[in-house]
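Observations on chain architecture
Here are the chains, one letter per residue:
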Amino acid sequence: MEIAYVLSQNSGGLPHYAAQLANAVAKHADVTVLKAKETTADDVFSEDVRVLNTFESMNISLPELRKLNFDVRRNLTALASYKNLRLIDAVDPDVVHDPTDLFPQVKFYAKRYRLDERYPFVVTYHEVPIERFPISRPPDALEGLVDALIPDLRIRRSIVHTENQGAVLRDRVDDPESVSVIPHGVNDMFGNYDYEEHPEEDHTVLFFGHVIPAKGIDTLVEAIPLVRERVPDVTLVVAGNGRLGARSRKIVERHPGSFEIHDHFIPNDEVGEFFSRAALVAVPYRQQKGGTKGHSGALATAFSFGKPIVASSAGDFPKQVGESGSGEIVPPRDPVALADAIVGLLEDSERRARMAERSAAQGDRLSWDAIAETHVELYESILDER
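Fair warning: this is a prediction, and the values are worked out from it, not measured in the lab. (Residues numbered from 1 in each chain as written. Predicted model: local features only at pLDDT ≥ 70, side-chain atom pairs only at ≥ 80, totals over all residues. Heavy atoms only, no water.)

Now for the overall build of the chain. Helix and strand counts for the chain stand at 16 helices and 13 strands. The C-alpha atoms of the chain give a radius of gyration of 21 Å, which matches the 21 Å a tight globule of 386 residues would have. Seen through its principal axes, the chain has C-alpha atoms that stretch 60 × 40 × 40 Å. Across the 386 residues that make up the chain, the buried fraction comes to 56%. Long-range contacts, defined here as pairs at least 24 residues apart, represent 71% of the contacts in the chain between residues at least 6 apart. Within the structure as shown, the chain displays about 16800 Å² of accessible surface, and the carbon and sulfur contribution to it stands at 48%. Of the charged side chains in the chain, 43 are positive and 61 negative; the average position of the first set lies 7 Å away from that of the second. (Helix = DSSP H or I, 4+ residues; strand = E, 2+ residues; numbered from the N terminus. Rg over C-alpha atoms; globule rule 2.2 N^0.38 Å. Buried < 20%, exposed > 50% of the residue type's maximum accessible area, 1.4 Å probe, protein only. Contact = heavy atoms within 4.5 Å. Areas by Shrake-Rupley, 256 points an atom, 1.4 Å probe, with all protein chains shown as cover. Lys, Arg positive; Asp, Glu negative; His and termini not counted. Charge placed at Lys NZ, Arg CZ, Asp CG, Glu CD.)

Here is the structure:
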């Protein structure tokens, strides 16, 4: 069986997700990945995966837009380079799978070359907004508009990570049975690097990932002065690309000793350094309309390092974190409740240790070997139908 993966993003968590999926599936099938010439996961792919540097790299992402870092010519050239999707014919796969959300440029050229008619086409959706044109998030609204102008592909299977996402997507597609829920695998690849491991710091809280409002970073920053009243030496480490909002920057300026800001992309070989230091990881995401958010690359990484977690009740976090016993759940956009949960864990090392064990158990349950086997079964079911 030959699987062709289309990796349509070159930064953020999606390249890591696609690389780990490709590596795991390559233990069961022949795997080819068509990707941009440079991605943040280039050193992740195993020797068992055939990698084709097919597209030009772009810098279209929310963190870069917030920094006003947008090269129009470069991005237009990169978008046009997806005409190279026609090279899939040279691979001649049994299944074509876009594990990175089916961005408009992939949809356009896949339709132009009739890839969905000539190959079984599978898409993994990491985000399933209940509103197709969310006014509160202009970049997403623009993407939704562009997507609506492109004829729909014939998608044989759609994959989401949580049941709430599946419920929304099943109402949107012609065949609800074509939607499968497969959890997000843990980001255990970061533990394979030769990083500088530090002793755990009892009062250090880590926020990891894109620094954007949707991930609740402003609520977390607002909570830290409240934590500081009871845990004076608390430190919030912010590690990820993006830019804090004006109000958050003022709070950081007033309490410089309580914040350590690394607002840039964290290289793969440095990620373990940040997680080794952390007493706990904060995932305070905002609630999306319809509750369709419920997974997180930062959460998947916290599981892989066996870290206790404080998460909001957004989407599927209550099940992944609360029911698993790997952390505390608090309401979104509630800095007081978030501060109370952080203080409770920072002051109770035995409770943190129990949660750390359960977090590590989640990491074992969501291993990529298990996730890959589920994908292979899905591919085989498609081929059996043919």
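From this point, the narrative continues.
Residues I309 and A311 of strand β12 (residues 309–312) are buried on one face, and the alternating residues V310 and S312, pointing to the opposite face, are buried as well. Sheet analysis places β12 next to strand β13 (residues 327–330), joined by 4 bridges and oriented parallel. Of the residues in β13, the one forming a bridge with A311 is I329. (Pairing = 2+ DSSP bridges.)

What follows concerns the packing of helix α9 (residues 217–228) against helix α14 (residues 335–346). Running from N to C, α9 and α14 cross one another at 55 degrees; their axes reach a closest spacing of 8 Å. On the basis of the axis angle, α9 is oblique to α14. Helix-helix and strand crossings are classified by hand; for α9 and α14 the assignment is right-handed. Contacts between α9 and α14 involve T219, L220, E222, A223, L226 and V227 from the first element and P335, V336, L338, A339, I342, V343 and L346 from the second. Residue composition of the contact of α9 with α14, by class: 11 nonpolar, 1 polar and 1 charged. (Axes fitted to C-alpha atoms, helices over the stretch in contact; angles between N-to-C directions. Parallel < 35°, antiparallel > 145°, perpendicular 65-115°, else oblique. Left-handed = near helix turned anticlockwise from the far one by under 90°. Nonpolar A, V, L, I, M, F, W, Y, C, P; charged D, E, K, R; others polar.)

Within the secondary structure, E127 sits in the loop between β5 (121–124) and α7 (138–149). Taking the C-alpha atoms as reference, E127 lies 7.8 Å from Q165; in sequence the two are 38 residues apart.

On to the side chain of S258, then. Counting through the fold element by element, S258 comes out in the loop between α10 (246–254) and β10 (259–262). Only 3.0 Å separates the side chain of S258 from the side chain of R228, close enough to count as a polar contact. Setting aside residues no more than four positions away along its own chain, S258 makes contact with I224, R228, V234, T235 and L236. (Polar contact = N/O pair within 3.5 Å; in protein donor to acceptor, adjacent residues only side chain to side chain.)

Think of two packed helices as two axes; the pair is described by the angle between the axes and how far apart they sit. Helix α15 (residues 349–365) packs onto α14 with a crossing angle of 100 degrees between their chain directions and a minimal axis gap of 6 Å. The orientation of α14 relative to α15 falls into the category roughly perpendicular. Contacts between α14 and α15 involve G344, L345 and L346 from the former and S349, R351, R352 and M355 from the latter. The residue inventory of the contact of α14 with α15, partitioned by class, reads 3 nonpolar, 2 polar and 2 charged.

Okay, helix α16 (residues 368–385) next. The terminal C-alpha atoms of α16 lie 26 Å apart, and with 18 residues this matches the ideal 26 Å at 1.5 Å per residue to within 8%. Here α16 has its buried residues at W368, I371, A372, H375, V376, L378, Y379 and I382. Projected onto a plane normal to the axis of α16, the buried residues spread over an arc of 160 degrees and lie on a single side. Opposite the packed face of α16, turned more than 90 degrees from it, sit the exposed residues E377 and D384. On its buried side, α16 packs onto β1 (2–6), α1 (14–25), β4 (95–98), β5, β6 (157–160) and β7 (179–181). (Expected span 1.5 Å × (residues − 1). Arc of directions from axis to C-beta.)

This next bit is on the nonpolar core. Looking at soluble globular proteins, one finds that nonpolar side chains tend to be buried together. Counting residues in hydrophobic clusters, the biggest one holds 57 residues, and the most contacted among them are Y5, V25 and L206. Among residues more than four places away in sequence, those in contact with V25 are I3, Y5, V31, A372, H375, V376 and Y379. In this structure, L220, F259, A279 and L346 belong to the second largest nonpolar core, which totals 31 residues. (Core = buried A, V, L, I, M, F, W, Y, C linked by side-chain atoms within 4.5 Å.)

Our focus in this paragraph is the sheet that holds strand β11 (residues 280–283). The sheet built from 6 strands is open, its strands ordered β10-β9-β8-β11-β12-β13 with parallel pairing. Looking along the sheet, the strands with just one partner apiece sit at the ends: β10 and β13. Mean inter-strand twist for the sheet, computed between neighbouring axes without regard to direction, equals 20 degrees. Inspection of the sheet shows strand β8 (residues 204–208) paired to β11 by 2 bridges, in the parallel sense.

On to the environment of V271, then. When you line up the elements, V271 lands in helix α11 (residues 268–277). Residue classification places V271 among the buried positions, given a relative accessible area of 1%. Distance from V271 to D89, taken between C-alpha atoms, is 37 Å for residues 182 residues apart in sequence. Contact partners of V271, with chain neighbours within four places excluded, come to F190, F208, I266 and T301.

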